[in-house]
Amino acid sequence: MYAVTPDEYQQVIEEFDSLIHDARTLMVRLEASGMDQSHEAAYYEVHAIYAKVVADQRAYTLSMLDEVA
């Protein structure tokens with residue numbers, strides 16, 4: 001079995017944070033320009049990606065905490 005190092009955990013957490021930030025930034029830009037209304041399907045796709053990454057980050061964090069406990 002492969003043991004994940006603290007640095008590897010940190011790298012994954014930073015990647016999740018980056019994805020969450022980028023998706024949220026795009027959503028805010030779409031909202032500010034009104035494109036959330038004119039391109040509703042695309043906006044909801046970005047929102048779905050955002051929600052998935054947040055859920056995945058939570059699952060990863062809980063798994064990580066179980067492993068180190």
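Reading guide: rules and limits
- Residues numbered from 1 in each chain as written.
- Predicted model: local features only at pLDDT ≥ 70, side-chain atom pairs only at ≥ 80, totals over all residues.
- Heavy atoms only, no water.
- Helix = DSSP H or I, 4+ residues; strand = E, 2+ residues; numbered from the N terminus.
- Expected span 1.5 Å × (residues − 1).
- Buried < 20%, exposed > 50% of the residue type's maximum accessible area, 1.4 Å probe, protein only.
- Contact = heavy atoms within 4.5 Å.
- Phe/Tyr/Trp six-rings, centres within 6.5 Å; stacked < 30°, edge-to-face > 60°.
- Salt bridge = Lys/Arg side-chain N within 4 Å of Asp/Glu carboxyl O.

(A) Quick peek at helix H1 (residues 6–33). For H1, built from 28 residues, the straight-helix expectation of 40 Å at 1.5 Å per residue is met to within 8% by its first-to-last C-alpha distance of 41 Å. Restricting attention to buried positions, one finds in H1 the residues Tyr9, Ile13, Phe16, Ile20, Ala23, Met27 and Leu30. Buried residues along H1 sit in contact with helix H2 (35–38) and helix H3 (40–68). With its phi angle positive at about 80°, Gly34 sits one or two positions after the end of H1.

(B) Representation of the packing of aromatic side chains within the structure. In total, this model carries three aromatic pairs according to the counting rule given. Ring centres of Tyr43 and Tyr44 lie 5.7 Å apart, and the angle between their planes is 75°; this geometry places the pair in the edge-to-face category. Among the aromatic residues, those joined into a cluster by ring pairs are Tyr9, Phe16 and Tyr60.

(C) Local environment of the pattern of salt bridges. Following the criterion strictly, the structure yields two salt bridges and no others. Arg24 is the partner of Glu31 in a salt bridge, and the nearest nitrogen-oxygen pair spans 3.9 Å. Overall, Glu31 belongs to the partly exposed group, its relative accessible area being 32%. Using a relative accessible area of 33% as the deciding quantity, one classes Arg24 as partly exposed.

(D) Spatial organisation of the environment of Ile20. Within the fold, Ile20 resides in helix H1. A residue is classified by how much of its surface remains accessible, and Ile20, at 16% relative accessible area, is buried. A C-alpha to C-alpha distance of 8.6 Å links Ile20 and Ala51, two positions 31 residues apart in sequence. With near-sequence residues (within four places) excluded, Ile20 lies in contact with Tyr50, Val53, Val54 and Gln57.

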